[in-house]
Amino acid sequence: MRDCFVPRNENMEKVKAKKHLGQHFLKDENVAQNIADTLSLQGYEDVLEIGPGMGVLTKYLLEKPINTYVIEIDTESVEYLDANYPKLHGKIISKDFLKYDVNEVFDGKQFAIIGNFPYNISTQIVFRTLELRNQIPEFAGMFQKEVAERICEKKGSKTYGILSVLAQAFYDAEYLFTVDEHVFIPPPKVKSGVLRLRRKGNFSLPCGEKLFFTVVKTAFQQRRKTLRNSLKTLNLSDNLREDEVFNLRPEQLSVEEFIALTQKIEADGV
């Protein structure tokens, strides 16, 4: 994906940046090392890097006391990694992360996720991580700056939304640092941001998780409306809809308040 060295020899020139994969080659190894160092290495023995490209981040992961696996959809990158990183032999997954059954490798074990994620699928990677939250205690990576900020945003902001609430319901989200455009070749048109998600000690919700997801997504689909109007499709009772919380717009509710709202809706019989 974006975490590749600038070509310095004939072998490295064999892997070309592909626009349809969102590839931008990282030339600043300090940034790569800083991303690798965001992992605590606690609570798991394995890490899965998404989109290693030519391995600028991978090589720093391989220095750590952890089993590093990589998943890469670009066949040229897979060939390069296999030829240049002997420690990865048997640990390169030539698949699409969004469609791959990770338990073919991890078999129910805990593992971390890390990567420099292409803008076009970065939010999908987060949603996939949420689906796998029982196995992923830690997640770190680089996004488009605005997306990274949105994931970590708190209530009251215009950028606080579905991704913010759902991620923070299960993880503590922390925006770590900003990365300038000029450290990539070709440079993207926007800045990047690195974040870390660490799973909460108790990440089970005191309400139905499916209903919680529905409430959050339905509320923010019409974010300018009050909850009384945006949640009409849930067929709430007139009595419940008189609760003061329904006078608020979704960005005015914290994660905890969304959980409490879901509990009220459950009690209403939805």
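### Looking at the overall build of the protein chain
Now for step 1: Along the backbone of the protein chain there are 11 helices and nine strands.
Now for step 2: Counting across all 270 residues of the protein chain, residues that qualify as buried make up 52%.
Now for step 3: In the protein chain, of all internal contacts separated by at least 6 residues, the share reaching a separation of at least 24 is 67%.
Now for step 4: Here the protein chain displays about 12600 Å² of accessible surface, and carbon together with sulfur accounts for 46% of that area.

### Regarding helix 5 (residues 122-131)
Now for step 1: Considered for burial, the residues of helix 5 that qualify are Ser-122, Ile-125, Val-126, Arg-128, Thr-129 and Leu-130.
Now for step 2: Turning to helix 5, the residues buried within the fold contact strand 2 (46-50), strand 5 (111-116), strand 6 (138-144), helix 6 (145-152), helix 7 (162-170) and strand 7 (171-179).

### Some points on the environment of Arg-224
Now for step 1: Relative to the helices and strands, Arg-224 resides in the loop between helix 8 (209-221) and helix 9 (227-230).
Now for step 2: For the pair Arg-224 and Arg-249, spaced 25 residues apart in sequence, the C-alpha separation works out to 6.6 Å.

### Examining the packing of helix 7 against helix 8
Now for step 1: Orientation of helix 7 relative to helix 8, taken along the N-to-C sense of each, is 155 degrees, at an axis distance of 9 Å. Between helix 7 and helix 8, the angle is such that the two are roughly antiparallel. Along this stretch, helix 7 crosses helix 8, giving a crossing that reads as right-handed. Contacts from Ile-162, Val-165, Leu-166, Ala-169 and Phe-170 in helix 7 reach Glu-209, Phe-212, Phe-213, Val-216, Lys-217 and Phe-220 in helix 8.
Now for step 2: Residue composition of the contact of helix 7 with helix 8, grouped by class: nine nonpolar, no polar and two charged.

Calculation notes
- Residues numbered from 1 in each chain as written.
- Predicted model: local features only at pLDDT ≥ 70, side-chain atom pairs only at ≥ 80, totals over all residues.
- Heavy atoms only, no water.
- Helix = DSSP H or I, 4+ residues; strand = E, 2+ residues; numbered from the N terminus.
- Buried < 20%, exposed > 50% of the residue type's maximum accessible area, 1.4 Å probe, protein only.
- Contact = heavy atoms within 4.5 Å.
- Areas by Shrake-Rupley, 256 points an atom, 1.4 Å probe, with all protein chains shown as cover.
- Axes fitted to C-alpha atoms, helices over the stretch in contact; angles between N-to-C directions.
- Parallel < 35°, antiparallel > 145°, perpendicular 65-115°, else oblique.
- Left-handed = near helix turned anticlockwise from the far one by under 90°.
- Nonpolar A, V, L, I, M, F, W, Y, C, P; charged D, E, K, R; others polar.

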